[in-house]
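This is what each chain is made of:
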Amino acid sequence: MDRLSSTSALIAALRGDMLRKTEKRPASSPTSRTSQADKGTPTAAKSPAKLRAQLVDIAREVDLTDPASIQNSRVRLVRAVLLWEYGEAFREHPDWKPLMDHIIGTFEVDDAQNQRYMDLLSALKSSKHK
């Protein structure tokens, strides 16, 4: 069984759950509608360039010879991507922590995924961005 397919299915289910929850929230004024949209909806409208810059910053702080630094970067990188995709309100979803743990755990137990992660870190670290 492909480890990433179960993660992808979980992410898709969480995306649907977040969208349903935000559609059910009543808004009392135009301003509150805007702030609720910013907090609760997926943030696909945010700039991919901003996300990339954030990931580059995280990667540049990583010591590739230090396992603790690499582990910390996994947590920060996964968190940044999930929050960029789903918004800050996603932290309050009951599956936030299990999803984070599952994604990070996949990198740790699957050598191929770990190698891809290390390749990503190296590419981001040497990126000319910013």
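Everything here concerns the structure above.
Residues numbered from 1 in each chain as written. Predicted model: local features only at pLDDT ≥ 70, side-chain atom pairs only at ≥ 80, totals over all residues. Heavy atoms only, no water.

Asks: Describe the overall build of the chain, and please don't skip the residues or the numbers.
Replies: Each helix and strand counted, the chain has 6 helices and 0 strands in total. Going from the N terminus to the C terminus, the chain shows its helices and strands as α-α-α-α-α-α. Per-residue burial over the chain gives 34% buried out of 130 residues. If you take every contact in the chain between residues at least 6 apart in sequence, the share linking residues at least 24 apart comes to 71%. (Helix = DSSP H or I, 4+ residues; strand = E, 2+ residues; numbered from the N terminus. Buried < 20%, exposed > 50% of the residue type's maximum accessible area, 1.4 Å probe, protein only. Contact = heavy atoms within 4.5 Å.)

Asks: Which residues make up the pattern of salt bridges, and what are the values?
Replies: Taken as a whole and judged by the stated rule, the model has 4 salt bridges. The salt bridge partner of Glu 88 is Arg 91, with a shortest N-O separation of 3.4 Å. The salt bridge involving Asp 101 is made with Lys 97; its shortest N-O contact spans 2.9 Å. Taken as a pair, Asp 101 and Lys 97 lie in helix H5 (residues 96–109) at a separation of 4 residues, close to a single helical turn. (Salt bridge = Lys/Arg side-chain N within 4 Å of Asp/Glu carboxyl O.)

Asks: For the layout of surface pockets, give the residues involved together with the corresponding values.
Replies: Estimated volume of the second largest pocket: approximately 170 Å³. Lining the second largest pocket are Lys 46, Lys 50, Leu 51, Gln 54, Arg 76, Arg 79, Ala 80, Leu 83, Trp 84, Glu 88 and Arg 91. Of all elements in the fold, only helix H3 (48–60) and helix H4 (67–86) reach the threshold of two or more residues within the lining of the second largest pocket. When the residues that make up the lining of the second largest pocket are grouped by side-chain class, the tally is 4 nonpolar, 1 polar and 6 charged. (1 Å grid on protein atoms, 1.4 Å probe; cavity = no way out; pocket = protein on both sides within 12 Å on 5 of 7 lines; lining within 4 Å. Points joined across faces, edges and corners; volume = space filled by probe spheres on them. Nonpolar A, V, L, I, M, F, W, Y, C, P; charged D, E, K, R; others polar.)

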